[in-house]
Amino acid sequence: MGKTHERIDGRLRAFIESQPIFFTATAPLSGDGTVNLSPKGLIGSFAVLDEQTVAYLDFAGSNAENGRITLMWCAFQGPPNIVRIHGRGEPVFRDDPRFEGLLANFPDIDPASHGLRAIIVVTADLVRDTCGYAVPFMAYEGDRDLHRKRFEREDDDSLARYFEKKEHIAASLDGLPGLPLPLPPLSL
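Values in this document were obtained by computation on a predicted structure and should not be read as measured data. (Residues numbered from 1 in each chain as written. Predicted model: local features only at pLDDT ≥ 70, side-chain atom pairs only at ≥ 80, totals over all residues. Heavy atoms only, no water.)

To continue, consider the overall build of the protein chain. Assigned secondary structure in the protein chain consists of four helices and eight strands. Along the protein chain, from the amino end to the carboxyl end, the secondary structure elements read β-α-β-β-β-β-β-β-α-β-α-α. Within the protein chain, contacts between residues separated by at least 24 positions form 71% of all contacts whose residues are at least 6 apart in sequence. Looking at the protein chain as shown, the accessible area adds up to about 10300 Å², and 53% of this sits on carbon and sulfur atoms. (Helix = DSSP H or I, 4+ residues; strand = E, 2+ residues; numbered from the N terminus. Contact = heavy atoms within 4.5 Å. Areas by Shrake-Rupley, 256 points an atom, 1.4 Å probe, with all protein chains shown as cover.)

Moving on to the environment of Lys-149. By the element assignment, Lys-149 lies in helix H3 (residues 146-151). Take Lys-149: its relative accessible area is 42%, and that puts it in the partly exposed class. C-alpha of Lys-149 to C-alpha of Ser-113: the two residues are 36 residues apart in sequence and 7.7 Å apart in space. (Buried < 20%, exposed > 50% of the residue type's maximum accessible area, 1.4 Å probe, protein only.)

Tracing the backbone shows Arg-94 in the loop between strand E7 (82-93) and helix H2 (99-103). Here the side chain of Arg-94 touches Leu-116 through a polar contact of 2.8 Å, landing on its backbone oxygen. (Polar contact = N/O pair within 3.5 Å; in protein donor to acceptor, adjacent residues only side chain to side chain.)

The full count for this structure, using the stated rule, is eleven salt bridges. Its salt-bridge partner being Arg-7, residue Glu-6 comes within 4.0 Å of it at the nearest N-O pair. Relative accessible area serves as the criterion here: at 65%, Glu-6 is assigned to the exposed category. Its relative accessible area of 35% is what places Arg-7 among the partly exposed residues. The residue Arg-11 makes a salt bridge to Asp-129 at a minimum N-O spacing of 2.6 Å. (Salt bridge = Lys/Arg side-chain N within 4 Å of Asp/Glu carboxyl O.)

Right, here's the structure in full:
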């Protein structure tokens, strides 16, 4: 029922780019480690960079993740479909010379109002789609504005203090390195 694809293009790219939500799953190499599964949203916070590479904005509130990653999109409207990208994710932090260039791929998001920490760049090792016949129909009504309202009142100093108080920011659930603290300033 599933099909493997060599690249992210055509209908796969169109499908991915049209979804208002996607899911990320990460896990350490250890068999007794914790699988971390998170929903991601905000229209404009995801981009297909090329046929093998995607990226998404890593906002305040997310937990630390490691390199192995699977991204998944489900069709909650229209024809049934599920697409998964299995690969390696790399966080590009605010002080990385690539950060500003990558940020240009997300023109509809104001990074300062969401507590942007990093841009996660994922290189695909495997791209697959499956039928999605059992995925229910659900209507997208719009993005919630709560994340923006919560974090737009933060500046870099208060955001750094927020991160320092939170568990699983500097390290993952399994103690893998996470967000380097203190957070470098967001210079736009």
